[in-house]
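Survey of secondary and tertiary structure
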Amino acid sequence: MKNGHGTTNTSDAIDFAVIGAGIAGASTAWRLAQAGHSVALLDRDEPASAAGSSHGSARILRYGYADPLYARLLAEAETGWAELETAHGSPLITRTGCVDAGEGHDTTRLAEVFTETGVEHTLFSPEEAASRFGDRFAFGTEALWHPRAGVLDAQSTVHAMVRAAVEHSATLLTGWEVASVTRRGAGYLITAADGRALSVRHVVVAAGGWLPRLLGGLGLPTSFTRALPAFEVRQESAFHFPYREEPAEPWPTSIHMIEGMIVYTLPGGRDAGYRGQKVAEFNGGPVIGDASRQDGRITSEHRQRIVDYVGTFLPGLVPEPYAETTCLFTNTPDEDFVIDTHESITVVSACSGHGGKFAPLLGTLAAGLATGERDVPARFRPSR
Ligand SMILES: Cc1cc2nc3c(=O)[nH]c(=O)nc-3n(C[C@H](O)[C@H](O)[C@H](O)COP(=O)(O)OP(=O)(O)OC[C@H]3O[C@@H](n4cnc5c(N)ncnc54)[C@H](O)[C@@H]3O)c2cc1C
């Protein structure tokens, strides 16, 4: 396995350098290497960095997209998940089902979409929902249940994709912080913060919350960068609350929309010692501008808001968090992903708090665009 800190300078240009070994970059490196290209996957830290967006054992994989584009992409991602789980040798997704509810949630419309797209579901009346889920979720409204939803293990997914990339001869360079990308002949010279350098033909930038700062230093024309959406980086918080009773089977995930607040919950898995539900407010954290400004702090007001929420709506949990964490959202105004390219630089930003479930497909799309073998949905290419 080619792996390490990359101490050699090389003048032999490799085909692709992928900056960032989170979900997006690992997936892209995997797909490029699988297609036979020489690939270096660079990360300032390590795959699924604790400072990025792809760490930890739990992200929701649900099918609740009213937007047909994402519903179609998710269906396409299914084959990639099956392929990756086979390569990994064990499941990366635990199917728990998902409960969607709340005054602010159009569950009726979502149920129609599920009918149109063939997703198995049941729309429960408030009374039926109370009878079925009331010991865990006391939402008091209709509840839409779809059993195929589940929880994906983000960190294991990244590691599985990196391993698959390396098995196809990609080189993983950890502790390799890209400081500059400059044109050199038909390709680029990438320089690390400590002076190491790599010559490459094509650069894929999948730097998550560090993207806003990196963008200006890539030598991209303003006609391209100005077309990109404003990226908003948020420092989000998540809390683990213990189950009152050890569940016989994993709790479902949930999405609850109330009073301008979206709260999601999911079994925390490994991160939570398997004894609690992870609870978080969607876009509840501060906007920090760029990943380098994160401080990992959680305010007592924010913690109390979530404790109050759990006390009111989640009777199956003890309303005292036993663990908490922060993580970065990189949002676009319309929550669309960006997978765009100019000459031999491809930019991938697939977050807005919902990119994880597309993990194996993100690389297929980005690699296809970078090699010119496949286009991506027009909405992901604002420069065009
Ligand atoms: C709290 C939270 C909850 C979420 N919940 C869900 C969910 O329920 N369902 C869902 O589908 N999705 C969810 N997501 C979204 C999903 O996790 C993200 O879409 C995904 O992790 C984005 O990965 P990324 O590769 O873009 O970024 P990252 O994982 O941050 O990867 C970027 C990498 O780039 C590296 N890097 C940055 N700058 C440099 C540099 N100069 N040189 C070298 N390397 C560099 C970093 O070290 C990092 O490893 C959630 C995200 C968060 C944070």
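Residues numbered from 1 in each chain as written. Predicted model: local features only at pLDDT ≥ 70, side-chain atom pairs only at ≥ 80, totals over all residues. Heavy atoms only, no water.

1. Looking at the pairing of strand 16 (residues 261-267)
Where burial is concerned, most of strand 16 is hidden: six out of the seven residues are buried. Note that strand 15 (residues 253-258) and strand 16 share five bridges and pair antiparallel. Following the sheet pairing, histidine 256 is matched in strand 16 by valine 263. Between strand 15 and strand 16, which pair antiparallel in sequence order, lie two residues; one of them, glutamate 259, sits at a positive phi of approximately 40°. Here five bridges tie strand 16 to strand 17 (residues 276-281), and the two strands are oriented antiparallel to one another. Counterpart to proline 267 in the pairing with strand 17 is glutamine 277. (Buried < 20%, exposed > 50% of the residue type's maximum accessible area, 1.4 Å probe, protein only. Helix = DSSP H or I, 4+ residues; strand = E, 2+ residues; numbered from the N terminus. Pairing = 2+ DSSP bridges.)

2. Topic: the packing of helix 1 (residues 23-34) against helix 9 (residues 359-371)
Closest axis-to-axis distance for the helix 1/helix 9 pair is 7 Å, and the angle between their directions is 60°. The pairing of helix 1 with helix 9 is recorded here as oblique in orientation. Once helix 1 is placed against helix 9, the crossing between them reads as right-handed. The segment helix 1 lies against helix 9, with Ile23, Ala24, Ser27, Thr28, Trp30, Arg31 and Leu32 engaging Ala359, Pro360, Leu362, Gly363, Thr364, Ala366, Ala367 and Thr371. Class assignment for the residues of the contact of helix 1 with helix 9 results in nine nonpolar, five polar and one charged. (Axes fitted to C-alpha atoms, helices over the stretch in contact; angles between N-to-C directions. Parallel < 35°, antiparallel > 145°, perpendicular 65-115°, else oblique. Left-handed = near helix turned anticlockwise from the far one by under 90°. Contact = heavy atoms within 4.5 Å. Nonpolar A, V, L, I, M, F, W, Y, C, P; charged D, E, K, R; others polar.)

3. Some words on the sheet that holds strand 18 (residues 323-331)
Here eight strands make up an open sheet; going across it, the order is 7-8-6-15-16-17-14-18 and the pairing mixed. The two strands at the open ends of the sheet, each matched to only one other strand, are strand 7 (122-124) and strand 18. Direction aside, neighbouring strands of the sheet carry axes that sit 20° apart on average. In the packing of helix 3 (residues 107-117) onto the sheet, contacts are made with strand 6 (98-101), strand 7 and strand 8 (143-146), and the angle to strand 8 comes to roughly 25°. Against the sheet, helix 8 (residues 300-313) contacts strand 14 (232-242), strand 15, strand 16, strand 17 and strand 18, and its axis sits at roughly 45° relative to strand 14.

4. Concerning the domain arrangement of the protein
Segmenting the protein into domains produces domain 1 (3-54 + 156-229 + 333-380) and domain 2 (93-149 + 231-331). Here the C-alpha centroids of domain 1 and domain 2 sit 31 Å apart. Counting residues at the interface gives 20 residues for domain 1 and 14 residues for domain 2. Taken over both partners, the interface formed by domain 1 and domain 2 buries close to 1400 Å², and the fraction arising from carbon and sulfur atoms is 54%. By the criterion of area lost to domain 2, the three top residues of domain 1 are Gly209, Pro212 and Ser352, representing 27% of everything that side buries. At the junction of domain 1 and domain 2, the tally comes to zero salt bridges. At four residues, the largest contribution of residues to the side of domain 1 that touches domain 2 is made by helix 6 (residues 211-215). A per-class count over the side of domain 1 that touches domain 2 returns 10 nonpolar, eight polar and two charged. (Domains from an automatic or database assignment. Buried area = accessible area lost by both parts, 1.4 Å probe. Salt bridge = Lys/Arg side-chain N within 4 Å of Asp/Glu carboxyl O.)

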